[in-house]
Amino acid sequence: MSKIFTPTNQIRLTNVAVVRMKKGGKRFEIACYKNKVISWRNKVEKDIDEVLQTHSVFTNVSKGQVAKREDLASAFGSDDTTAICKEILEKGELQISERERHTQLESIQKEISNIIAGNSRLEDGVWKTNEG
C-alpha cells in the first residue's frame, strides 16, 4: 500500500499580494493583502496582522515553501519572523499583475496629457505653451 506524501513545510494561500526581497543571496517573500501593503507603506495602517496573511516568511509563496530558520538567521541576523516581515514590508518589492501595471501606466499617461493640454493653446495653427 503506498503512502500519500504531504509536505509539512507548505502553506497554501489564495488572493495574495507578494512582497519579495533578496538578501544574503537568497530570496524571501511574504504573503500580504495588496491594499494593506500600500496603506502600511503610507503609514496609514499600523497593525501588521491586518497586512499579513500569515506571519510566515517564504522562499516561494506560490508553492507554499516556507524559509528555513537558518536562512533567516544568516540573512537577517535574527529568526524573529515578525521583525523580518516588517523589514520585507518596508524594503521589499511589491509584485503586481500585468493588468494592474497597464492600468497604472494608462493613468499616468492621462495625467501627463491633461497637464500638457492645460499648459498649451492653439494659436494661428501652432501649439504654444501658456508661459510664452
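## Things to note about the nonpolar core
Right, on to step 1. Counting 21 residues, the largest nonpolar core has Phe 28, Ile 30, Cys 32, Val 57, Phe 76, Ile 88 and Leu 89 as the members making the most contacts within it.
Right, on to step 2. Residue assignment for this core shows that the elements contributing at least two residues are strand 1 (17-23), strand 2 (26-32), helix 1 (34-41), helix 2 (48-51), helix 3 (69-76) and helix 4 (81-91).
Right, on to step 3. If one sorts the elements of this core by residue count, helix 4 sits on top with four residues.
Right, on to step 4. Apart from the residues within four sequence positions on either side, Phe 76 is in contact with Met 21, Lys 23, Phe 28, Ile 84, Glu 87 and Ile 88.

## Observations regarding the pattern of salt bridges
Right, on to step 1. Counting across every chain of the model gives seven salt bridges.
Right, on to step 2. For the salt bridge of Arg 20 with Glu 29, the shortest nitrogen-to-oxygen distance reads 2.7 Å.
Right, on to step 3. The partner of Glu 29 in a salt bridge is Arg 27, with the nearest N and O atoms 3.3 Å apart.
Right, on to step 4. Note on Glu 29: relative accessible area 2%, which makes it buried.
Right, on to step 5. Owing to a relative accessible area of 35%, Arg 27 belongs among the partly exposed residues under this scheme.
Right, on to step 6. Three or more residues are tied together by salt bridges with common partners; here these are Arg 20, Arg 27 and Glu 29.

## Concerning the packing of helix 3 against helix 4
Right, on to step 1. Two elements in contact, helix 3 and helix 4, have axes whose closest approach is 11 Å; the angle formed by their N-to-C orientations is 55 degrees. Between helix 3 and helix 4, the crossing angle belongs to the class labelled oblique. In this structure, helix 3 meets helix 4 at a crossing whose hand is left-handed. In this structure, helix 3 contributes Arg 69, Leu 72 and Phe 76 to the contact, and helix 4 contributes Thr 81, Ile 84, Glu 87 and Ile 88.
Right, on to step 2. Class assignment of the residues belonging to the contact of helix 3 with helix 4 gives a composition of four nonpolar, one polar and two charged.

## As for the environment of Lys 91
Right, on to step 1. Position of Lys 91 among the secondary structure elements: in helix 4.
Right, on to step 2. On the accessibility criterion, Lys 91 (61% relative accessible area) is exposed.
Right, on to step 3. Counting along the chain gives 69 residues from Lys 91 to Lys 22, while the straight-line C-alpha distance between them is 9.9 Å.

What counts as what
Throughout this description, residue numbers start from 1 for each chain and increase along the sequence as written. A pLDDT threshold of at least 70 governs which residues receive local features in this predicted model, and a stricter bar of 80 or more applies before side-chain atom pairs are shown or counted, although totals over entire chains, interfaces and linings include all residues. Side-chain measures here rest on the full set of heavy atoms in the structure, leaving out hydrogens and waters. Here, the term nonpolar core denotes a set of buried Ala, Val, Leu, Ile, Met, Phe, Trp, Tyr and Cys residues that are joined through side-chain atoms within 4.5 Å. Burial status follows relative accessibility: with a 1.4 Å probe on protein chains alone, a residue under 20% of its type maximum counts as buried, one over 50% as exposed, and anything between as partly exposed. Note on conventions: DSSP H or I runs of at least 4 residues are helices, E runs of at least 2 residues are strands, and numbering of each starts at the N terminus. Here, two residues are considered to be in contact whenever any of their heavy atoms come within 4.5 Å of each other. The term salt bridge refers to a pairing of a side-chain nitrogen on Lys or Arg with a carboxyl oxygen on Asp or Glu at a separation within 4 Å. To obtain each axis, a line is fitted to C-alpha atoms, and for helices this fit is confined to the stretch in contact; angles are then taken between N-to-C directions over 0 to 180 degrees. Here the word oblique covers every angle except those under 35 degrees (roughly parallel), over 145 (roughly antiparallel) and from 65 to 115 (roughly perpendicular). Left-handed describes a crossing whose near helix is turned anticlockwise from the far helix through less than a right angle; right-handed describes the clockwise counterpart. Note that Gly is not counted as nonpolar here; it falls among the polar residues with everything else outside the nonpolar set of Ala, Val, Leu, Ile, Met, Phe, Trp, Tyr, Cys and Pro and the charged set of Asp, Glu, Lys and Arg.

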